[in-house]
Amino acid sequence: MISRLTRPGGGWKPVGYGSDGSYIVQSEKTGRLEILRAEDMNLKRLVVKLGQEARKFCRIYDPKLKKEVEVASRLTAAISEGCDALGLFDFGRVRGPGLYRDGRELIVHYGDNVRMADGRAVSVEPGKTGPVYEGGASLGFTASTPAASDADVARLVDAFKSFGTKKVSDVVVLVGWLTMAMYGSALECHPILALTAERGSGKSTLIGLLARLLGPQAIRRDGVPAVAQVLYDLENRTAALLLDEVEGTARNLRAFDAISENLRIGFDEKDEQNIARVIGGKLRKFNAPTGAVLVGIGLPDLNAATANRAIRVFLDALPERSRTHCNALLQHDNADEVRALGARIKVLLLKRWPIMLQTMEALTPMLLGMGYEARTAKMYVTLLAGYVTLTHNAAPAAVALQELVEQLQLKAPQEVAVERDAELCLGWILDRKVAIFDANGSARTTTHVTIRDALLHILHGEPSNRLQLVQQLEEFGIRPVWVAGSGQWKLAVCSSAKHDGMRRLMQRTDWVLGGWKDVLMRLPGAEAGVQKVARVSQRVVLLDMPAELLEMPTPEVYEFPETPERAQQAEVETVV
């Protein structure tokens, strides 16, 4: 069985043809896929791309000349026949250097050859179905690299403990994330690590340690990179993305929103792990990142889609022992030693792949039974199993895993008040300020109030003012409705994306194109209907009036420390 992608002298293998009719072959000179168009189908270019074997393939003996001659048409005909036979090629089948799964077994693509984790050869002959392995840079280790020892693992864990993590579980999360990134595409879930730290806490040192341990399996960038930078980095390899000095400044806002999409793509395993982009009029494929770390003093606020795929870790100032003694693995002079340690750790993880599987299978029902949401449970299962795999020689028993979960204070999910999109949307509407006109005789005054305050005046203010307030709110697509039959207040919100007043209220939001209708329909008791608004029948979302508006507003009570004069006066009043 052929498991090597390259060989001396080169050669080629047919792979298929592209949607534009170009032929796609795999060069045994580089192991890379080559797209051959009409201008490439000449001998000189083919020899450069495919190696000297391409020249040998088209040599024949000419009896008239009594010597060997080169007939380029023999090579081009063989390429076209072989590629046509395999049919249209799907670039989603391409696998660059990295780790992959075949059922429960682990496949390692070292860059120039492909083997199972136990060393068995894997066929790399392209076919009509199945993965196509493309050559590339080494993973930083080979099949002959020795595995890490228990002492190596202990040194590594001690290096992570030397940082000022706030919780015991943070060290477990860091070690688990490193293990997850080393397994790469072999795992289903790739959580995002959001690490916030104050100055001098060693955040750049930590991300440097991760980068050196991962080697070619990591891409490190400072600041918020452009999407194009990340895509090109991921074109020929699978890797985790390490972003240092990510700050929530105004100039980073648009760039961070753009990069967030790419961070999320690699979170879940998909049928096709590639990102498609049309560049220069041609469709190109890029690998999804296998995890991400965001490090900064003040990280940008993650949007909802990114936040529920991320785990936050907080670093305090370095502990006293780390200020007086620097761990050897954190010293820049030992960078080569750390890279070598990372290579040995990767080989150890290949041997312990069954432990990873067994631990994930044991932890999943445990966390789901505790009440964790499926996505949150999947993140913690991946990281906990990664920590266990690196630090244990065998899969722990269920009791030991239960003790680990309790030690990390994960016995019950934390109750976090999460603001849903529907609540955010309704809150945005109620907090928008609008101009309210008040006519007193011939004088006319304008007051800017929030819609919330205007509704409070309608519900609890002078009855004589209700009509003009309601009519003015209708111009913005909002109408409070009293339902006499049920004795309840309702709130009608125009749902048409073409309503001018609602579009003005929704400026600078994610719902400006009309998305507020579907979002508001998720609120309890919401229903679609038709209501007269500003004398015109309009499609509306009819909501229950928010409870905080139905309550009679009462003055807020504030406590302040008493001044000496006021305290003395109170004593006099008490005596009298």
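**Focus on the nonpolar core**
Now for step 1: Ranked by internal contacts, the top residues of the largest apolar core, which has 79 residues, are Phe 160, Trp 177, Leu 213 and Ile 345.
Now for step 2: In contact with Trp 177, not counting residues within four places along its chain, are Pro 191, Leu 193, Leu 210, Leu 214, Ala 240, Leu 242, Gly 291, Ala 292, Val 293 and Leu 383.
Now for step 3: With 40 residues, the next largest nonpolar core counts Ala 454, Leu 459, Leu 469 and Ala 492 among its residues.

**Some thoughts on the sheet that holds strand β7 (residues 98-102)**
Now for step 1: One open sheet accounts for three strands, arranged β7-β8-β9; its pairing is antiparallel. Edge positions in the sheet fall to β7 and β9 (114-116), since each of these pairs with one other strand and no more. Neighbour-to-neighbour, the strand axes of the sheet open up by a mean angle of 25°, direction not taken into account.
Now for step 2: The sheet contact formed by strand β8 (residues 105-109) and β9 spans three bridges and is antiparallel.

**A few points about the sheet that holds strand β3 (residues 33-36)**
Picture the strands of a sheet paired through backbone hydrogen bonds; they go either parallel or antiparallel.
Now for step 1: The sheet built from three strands is open, its strands ordered β1-β2-β3 with antiparallel pairing. Only two strands of the sheet have a single neighbouring strand rather than two, namely β1 (12-17) and β3. When strand polarity is set aside, the average angle formed by the axes of neighbouring strands in this sheet is 30°.
Now for step 2: The sheet contact formed by strand β2 (residues 23-27) and β3 spans four bridges and is antiparallel. Each residue of the ladder has a partner; that of Gln 26, found in β3, is Leu 33.

**Looking at helix α11 (residues 335-351)**
Now for step 1: Look at α11: 25 Å from first C-alpha to last across 17 residues, which is about the 24 Å you get at 1.5 Å a residue.
Now for step 2: Taken residue by residue, α11 has Ala 335, Val 338, Leu 341, Gly 342, Ala 343, Ile 345, Lys 346, Val 347, Leu 348, Leu 349 and Leu 350 as its buried positions.

**Regarding the pairing of β2**
Now for step 1: Counting buried residues along β2, five of its five residues qualify, which places the element largely inside the surrounding structure.
Now for step 2: Along β2, one buried face is formed by Tyr 23, Val 25 and Ser 27 and the opposite face, lined by Ile 24 and Gln 26, is buried too.
Now for step 3: Pairing geometry for β1 and β2, over five bridges, is antiparallel. In the strand pairing of β2, Gly 16 is matched with Ile 24.
Now for step 4: Adjacent in sequence and paired antiparallel, β1 and β2 are bridged by five residues, among which Gly 21 carries a positive phi angle near 90°.

**Things to note about unusual backbone geometry**
Now for step 1: Phi is positive for Glu 245, which is not a glycine, with a value near 55°.
Now for step 2: Structurally, Glu 245 is set in the loop between β13 (240-244) and α8 (253-265).
Now for step 3: Phi at Arg 508 takes a positive value of approximately 65°, unusual for a residue other than glycine.
Now for step 4: Of note, Arg 508 is situated in the loop between α18 (500-505) and α19 (516-520).

**Remarks on the packing of helix α5 (residues 168-183) against α11**
Now for step 1: Where α5 contacts α11, the two axes come as close as 10 Å, and the packing angle between them is 75°. With respect to each other, α5 and α11 are oriented roughly perpendicular. Residues Thr 179, Met 182 and Tyr 183 of α5 form the contact with α11, whose participating residues are Gly 342, Ile 345, Lys 346 and Leu 349.
Now for step 2: Along the lines of polarity and charge, the residues of the contact of α5 with α11 split into four nonpolar, two polar and one charged.

Scoring rules and cut-offs
Residues numbered from 1 in each chain as written. Predicted model: local features only at pLDDT ≥ 70, side-chain atom pairs only at ≥ 80, totals over all residues. Heavy atoms only, no water. Core = buried A, V, L, I, M, F, W, Y, C linked by side-chain atoms within 4.5 Å. Buried < 20%, exposed > 50% of the residue type's maximum accessible area, 1.4 Å probe, protein only. Contact = heavy atoms within 4.5 Å. Pairing = 2+ DSSP bridges. Helix = DSSP H or I, 4+ residues; strand = E, 2+ residues; numbered from the N terminus. Axes fitted to C-alpha atoms, helices over the stretch in contact; angles between N-to-C directions. Expected span 1.5 Å × (residues − 1). Parallel < 35°, antiparallel > 145°, perpendicular 65-115°, else oblique. Nonpolar A, V, L, I, M, F, W, Y, C, P; charged D, E, K, R; others polar.

From the geometry alone we can't say anything about function, so treat these as descriptive.
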